[in-house]
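Read off the chains here:
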Amino acid sequence: MSELTSKEKIMQAASQLFYYNGFKGTSTRAITEQANVNVSLISYYFKNKQGLLEQMTIDYYENYLAILDYLMEHQPIDTPENLYQVIEEIIHYKERHFQFTCFIQRELSLDNIFIRELFSTYVAKETYFFKWIVEQITKQYNFNKMEKEAFYIQFKSLINAPFTFGNEWKKDYDWDASRPVFVNAYIDVLKKWFI
């Protein structure tokens with residue numbers, strides 16, 4: 001396995017610290033100390049802490065949306081098994097980036113300029129994808145508009161629950177030691193609900 005670059009170390013440390021302390025509660029010095037790099041590298045790579053957050057968010061969502069685009073093109077939702085594959089892809093991506101996913105989910109509940117910008121670009125694309133899935137799933141039913149909207153909200157909430165309610169799950173599961181096991185068990189529960 002290759003060694004992380006200084007830029008990658010900074011982003012990894014920031015993800016961990018943003019997860020535990022929030023954006024405002026994390027200083028650039030704390031990030032560089034955690035990453036074991038010179039504090040001037042934040043300015044060099046990202047200009048400042050806000051630039052670091054923006055770059056991390058862009059990287060996270062660009063990779064995530066590439067997966068969603070691929071799934072829309074190549075994975076029809078015409079069988080329960082195909083739906084399960086889509087659910088697994090999404091949840092496993094979010095689990096691989098667990099700390100940043102939890103941080104972003106928490107931040108999305110706030111109202112600020114950065115979040116409004118996220119909603120106007122990345123979150124709108126995710127919303128479109130989830131609504132597309134709901135359309136595929138509900139084709140065989142006579143759902144009215146309200147029922148489809150309720151199903152969409154419930155579906156999206158179920159996908160994001162391990163990352164939105166991390167502290168709730170943490171009570172019964174040791175995240176650091178068993179998160180992948182928990183996520184697989186959670187996916188199995190979702191599969192039962194969609195049978």
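Computed from a predicted structure; not experimentally measured.

**Student:** Looking at this structure, I do not really get the overall build of the protein. What am I missing?
**Tutor:** A tally of helices and strands in the protein yields 10 helices and 0 strands. Counting from the amino terminus, helix and strand elements in the protein follow one another as α-α-α-α-α-α-α-α-α-α. Relative to its length of 195 residues, the protein is compact, with a C-alpha radius of gyration of 18 Å against a globular reference of 16 Å. In terms of overall dimensions, the protein has C-alpha extents of about 60 × 35 × 30 Å along its principal axes. Burial status across the protein gives 44% buried among its 195 residues. Expressed as a percentage of contacts within the protein between residues at least 6 apart in sequence, the contacts between residues at least 24 apart total 67%. A total accessible area of about 11,600 Å² is found for the protein, and carbon and sulfur atoms account for 52% of it. Treating the 21 positive side-chain charges of the protein as one cloud and the 25 negative ones as another, the clouds have centres 5 Å apart.

**Student:** What am I meant to see in the packing of aromatic side chains here?
**Tutor:** Each aromatic ring pair is described using two quantities: the centre-to-centre distance and the angle formed by the ring planes. Evaluated as defined, the whole model comprises 22 aromatic pairs. An angle of 55° between the planes, with centres 6.0 Å apart, marks the rings of Y45 and F46 as tilted. On the accessibility criterion, Y45 (32% relative accessible area) is partly exposed. Seen in terms of ring centroids, Y64 and Y93 are 5.5 Å apart; in terms of plane orientation they differ by 20°. Their pairing is stacked. Here the residue Y64 occupies a position in helix α4 (residues 49–74), and Y93 occupies one in helix α5 (residues 80–96), the gap between them amounting to 29 residues.

**Student:** Please clarify how the side chain of N82 should be interpreted in this entry.
**Tutor:** Looking at the secondary structure, you find N82 in helix α5. In this structure N82 comes out as buried when scored by relative accessible area, which is 16%. A polar contact is formed between the side chain of N82 and the side chain of D78, at a distance of 2.6 Å. Beyond its immediate chain neighbours, meaning those up to four positions away, N82 contacts Q75, P76 and I77.

**Student:** For this particular structure, what's the right way to read the pattern of salt bridges?
**Tutor:** Pairs can form between side chains of opposite charge whenever their charged atoms are close. Using the criterion set out here, one finds 5 salt bridges in the structure. Note that E88 and K191 form a salt bridge whose closest N and O atoms lie 2.8 Å from each other. With E88 in helix α5 and K191 in helix α10 (residues 175–193), the pair connects residues that are 103 residues apart, well separated along the chain. For K191, a relative accessible area of 23% translates into the label partly exposed. Of the charged contacts, one joins K131 and E149 as a salt bridge, the two residues approaching to 3.2 Å between their closest N and O atoms. Of this pair, K131 sits in helix α7 (residues 113–138) while E149 sits in helix α8 (residues 145–164), and the two are 18 residues apart along the sequence.

Reading the values: rules and limits
- Residues numbered from 1 in each chain as written.
- Predicted model: local features only at pLDDT ≥ 70, side-chain atom pairs only at ≥ 80, totals over all residues.
- Heavy atoms only, no water.
- Helix = DSSP H or I, 4+ residues; strand = E, 2+ residues; numbered from the N terminus.
- Rg over C-alpha atoms; globule rule 2.2 N^0.38 Å.
- Buried < 20%, exposed > 50% of the residue type's maximum accessible area, 1.4 Å probe, protein only.
- Contact = heavy atoms within 4.5 Å.
- Areas by Shrake-Rupley, 256 points an atom, 1.4 Å probe, with all protein chains shown as cover.
- Lys, Arg positive; Asp, Glu negative; His and termini not counted.
- Charge placed at Lys NZ, Arg CZ, Asp CG, Glu CD.
- Phe/Tyr/Trp six-rings, centres within 6.5 Å; stacked < 30°, edge-to-face > 60°.
- Polar contact = N/O pair within 3.5 Å; in protein donor to acceptor, adjacent residues only side chain to side chain.
- Salt bridge = Lys/Arg side-chain N within 4 Å of Asp/Glu carboxyl O.

The quantities given are spatial measurements derived from coordinates; they are silent on function.
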